[in-house]
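Structural overview
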Amino acid sequence: MKLATVGTSFVTEWFIQAAQKEGYFEVTTVYSRSAEKGRAFADKMNVPLVQSDWEALLSDPKIDVLYIATPNNTHYSLAKEALMAKKHVILEKPQVSNTKELTDLLKVAKDNDRYVFDAIIPIHLPNLQVIKDNLHKVGPLKLVQSNFGKRSSRYDALVAGEEPAIFSLASSGGAMMDLGVYPISLFVGLFGTPKEVSYQCLKYANGIDLNGVITLRYPEFLAVSVIAKDTDILPFSTFSGDKAWIKADDAPSQLTHVTLFEKDKPTLLSSTQDKQTMVYEIKDFAQVIANHDDARYNEFTAITKTVIAVMDECRRQAGLVFPADGEQ
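Residues numbered from 1 in each chain as written. Predicted model: local features only at pLDDT ≥ 70, side-chain atom pairs only at ≥ 80, totals over all residues. Heavy atoms only, no water.

1. Let's talk about the sheet that holds strand E13 (residues 256–262)
Using the following cut-off: Two strands are counted as paired when DSSP detects at least two bridges linking them. The helix and strand labels rest on DSSP assignments: H or I over at least four residues marks a helix, E over at least two residues marks a strand, and numbering proceeds from the N terminus. To obtain each axis, a line is fitted to C-alpha atoms, and for helices this fit is confined to the stretch in contact; angles are then taken between N-to-C directions over 0 to 180 degrees. Any pair of residues with heavy atoms lying within 4.5 Å of one another is described as a contacting pair.
Pairing is mixed across the open sheet formed by eight strands, whose spatial order is E8-E9-E10-E7-E11-E12-E13-E14. Of all the strands in the sheet, just strand E8 (196–203) and strand E14 (265–268) have a single pairing partner and so form its edges. Pairs of neighbouring strands in the sheet enclose a mean axial angle of 20°, with direction left out of account. Its contacts with the sheet put helix H6 (residues 126–134) on strand E11 (233–241), strand E12 (245–249) and E13, and the angle it makes with E13 is roughly 15°. Those strands touched by helix H10 (residues 294–318) are E8 and strand E9 (209–217), and its axis lies near 50° from that of E8.

2. Brief notes about the sheet that holds strand E1 (residues 2–6)
Read across the open sheet, the six strands follow the order E3-E2-E1-E4-E5-E6; overall the sheet is parallel. Because the sheet does not close on itself, it has two edges, and the strands there are strand E3 (49–51) and strand E6 (116–119). In this sheet, neighbouring strand axes are inclined to one another by 25° on average, regardless of whether the strands run parallel or antiparallel.

3. Regarding helix H1 (residues 10–22)
The α-helix advances 3.6 residues per turn, and as a result positions three or four apart in sequence lie on the same side. Just so we agree on the cut-off: Here the expected span of a helix is defined as 1.5 Å times the quantity of residues minus one. In this scheme, a residue with accessible area under 20% of its type's maximum is buried, one over 50% is exposed, and one in between is partly exposed, where area comes from a 1.4 Å probe on protein chains only.
An ideal rise of 1.5 Å per residue puts 18 Å on 13 residues; H1 measures up with 18 Å between its terminal C-alpha atoms. Listing the buried residues of H1 in full gives Val11, Thr12, Glu13, Phe15, Ile16, Ala18 and Ala19. Of the surrounding secondary structure, the elements contacted by the buried residues of H1 are E1, strand E2 (26–31), helix H2 (35–45), strand E4 (65–68), strand E5 (88–92) and helix H9 (278–291).

4. Section: the packing of aromatic side chains
Our working rule: Each Phe, Tyr or Trp ring, with Trp reduced to its six-membered ring, pairs with another whose centre is within 6.5 Å; inter-plane angles below 30 degrees give stacked pairs, above 60 give edge-to-face pairs, and intermediate values give tilted ones.
Within the structure shown, the criterion is met by 14 aromatic pairs. Here Tyr31 and Trp54 contribute two aromatic rings whose centre-to-centre distance is 5.4 Å and whose plane-to-plane angle is 65°, an arrangement assigned as edge-to-face. Separated by 23 residues along the polypeptide, Tyr31 in strand E2 and Trp54 in helix H3 (residues 54–59) bring together distant segments of the chain. In this structure Tyr31 comes out as buried when scored by relative accessible area, which is 10%. Among the aromatic residues, ring-to-ring pairing joins Tyr115, Phe117, Phe285, Tyr297 and Phe300 into one connected group.

5. Structural notes on the packing of helix H8 (residues 175–191) against H10
Note the following rule: Angle categories are assigned with fixed cut-offs, so that under 35 degrees is roughly parallel, over 145 is roughly antiparallel, 65 to 115 is roughly perpendicular, and the rest are oblique. In this scheme, a crossing is called left-handed if the near helix is turned counterclockwise away from the far one by less than a right angle; it is called right-handed if the turn is clockwise. Under the scheme applied here, ten amino acids are nonpolar (Ala, Val, Leu, Ile, Met, Phe, Trp, Tyr, Cys and Pro), four are charged (Asp, Glu, Lys and Arg), and all others, including Gly, are polar.
Here H8 crosses H10 at 130°, and the two axes come no closer than 9 Å. Comparing the axis directions of H8 and H10 gives the class oblique. The two elements H8 and H10 meet at a crossing, and its hand is right-handed. Judged by residue contacts, Met176, Met177, Val181, Ile184, Ser185, Val188 and Gly189 of H8 engage Ile303, Thr306, Val307, Val310, Met311, Cys314 and Arg315 from H10. Per-class residue counts for the contact of H8 with H10 are ten nonpolar, three polar and one charged.

6. Brief notes about the nonpolar core
Worth spelling out the cut-off: By nonpolar core we mean a set of buried residues, namely Ala, Val, Leu, Ile, Met, Phe, Trp, Tyr and Cys, connected to one another through side-chain atoms within 4.5 Å.
One finds Leu66, Ile90, Val116, Phe191, Tyr199 and Phe239 to be the most contacted residues of the largest nonpolar core, which totals 109 residues. For this core, the element with the highest residue contribution is H8, accounting for twelve residues. Among all residues touching Val116, those that are not within four sequence positions of it are Leu83, Val89, Leu91, Gln95, Leu105, Leu106, Ala109 and Tyr297.

Okay, here's the thing in structure tokens:
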């Protein structure tokens, strides 16, 4: 299947590298509104073709799939147009701004017999299954935690008076949308829909959330995440029961070195994952398309629906309102 990318950020670089390594998709085309910028990016990534005409990209019969990694507020409209042009779509996280957008996008995909995928890494990692398979060893769960914080390379620009998309309400940005989506997806992927949701955050002068604490309440335990885009914090995930606990190193987008601790005795549970963790989602998406595997697609989609609903509620509590929320 031939794939074109939309967006020229470092995330798109990672995706192309993973796609080239995995081999399920042939990345043939880079799209950029600037032909010059697109050519430079394509040359860097060893992609042969460049397109700067959006309509021409959509009408190209040689392109089967679009990977879209543009500012969050543009995901919905670009994906909708691509689906209506009979392209499958992979949307970088967060897939959309809100539940209203997601509901419509899923309908458009179904009406056009195409798939729209949520490129959220934790759901597809082998070590997620390792954790799931070993959770019974900790006894009844008491507390789950997954932290993810990284001082953004765009934070200095914000402080200097600019408003980068990732720190803009107008662009559906902020810590919740950029980083919170990872631990929430991890929690939902493992435990399903929470009974209660809460989000407390610190905001910048423009109203965007810089960091915060997410709490999902399940019947017998709490799942908590600390997220931050204005400072670095130690990334890890822990799953603590009354008999033992499991730790996964690094961010929830990595889940490396999954270790079981029983009375402080460590047992490594995981095998080595590919460092280019996007290879796993790429494989899953390609197999769904190739096999027309609606059952698996619906499993992924059900998780995304719950994740977006949780994020909607977090934003409601924190007073984080996007222009996209009023445009449906």
